[in-house]
Amino acid sequence: MTEQPYQKFSRIRREKLEAALALPLPASVDDIDVEGFFDPWRHVINGIDGSYSSESDDLMIEVLEAVRDGTTFELIKSRGFIVEFMLYVLSGHDLTECGTSPRGSWPDQLDLWQPLIDKWKAYREVAWS
């Protein structure tokens, strides 16, 4: 069976996320930004350097959890446009799909979503401990 373009695109996104999740976590703050260790701002989100503030990690984790829980609209209402912007970042990196207006988000790779959240939280603990 021939792989359809949308299937190929989804497979490539999955392979990229699986590769990022397979990287080892930094063991200490000395390993942050060292090649070969997991860095969500390089391996999951690229082109946006969110690693300068723990608030970036905290907010992204909160948004990832809202996507997982289907509570993005509630989070936007309570936190404002910054949440919507982070949803745009996730969508722009092909990590979420968006519906028609009003735009919600859901993970393209649902089975990898919780491992992504867990790994990002673990990274945040090392980076900002």
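Residues numbered from 1 in each chain as written. Predicted model: local features only at pLDDT ≥ 70, side-chain atom pairs only at ≥ 80, totals over all residues. Heavy atoms only, no water.

**Q** Can you walk me through the nonpolar core in this structure?
**A** Taken as a class, soluble globular proteins show a tendency for nonpolar side chains to be buried jointly. Among the nonpolar cores identified, the biggest contains 31 residues, and Val44, Val63, Leu90 and Trp120 are the most heavily contacted of them. The set of elements that each furnish at least two residues to this core consists of helix H1 (5-22), helix H3 (54-69), helix H4 (72-79), helix H5 (81-92) and helix H6 (110-127). For this core, the element with the most residues is H6, which contributes 8 residues. Beyond its immediate sequence surroundings of up to four residues, Val44 is in contact with Lys16, Leu17, Ala20, Phe38, Asp39, His93, Leu95, Leu116 and Trp120. (Core = buried A, V, L, I, M, F, W, Y, C linked by side-chain atoms within 4.5 Å. Buried < 20%, exposed > 50% of the residue type's maximum accessible area, 1.4 Å probe, protein only. Helix = DSSP H or I, 4+ residues; strand = E, 2+ residues; numbered from the N terminus. Contact = heavy atoms within 4.5 Å.)

**Q** Could you clarify how one ought to interpret a nonpolar patch on the surface in this entry?
**A** The grouping of Phe81, Ile82, Phe85 and Tyr88 at the surface amounts to a nonpolar patch, some 410 Å² of accessible area in total. Note that Tyr88 resides in helix H5. For Tyr88, a relative accessible area of 45% puts it in the partly exposed group. (Patch = residues over 30% accessible without salt bridge, like charges linked within 9 Å, V, L, I, M, F, W, Y side chains within 5 Å. Areas by Shrake-Rupley, 256 points an atom, 1.4 Å probe, with all protein chains shown as cover. Salt bridge = Lys/Arg side-chain N within 4 Å of Asp/Glu carboxyl O.)

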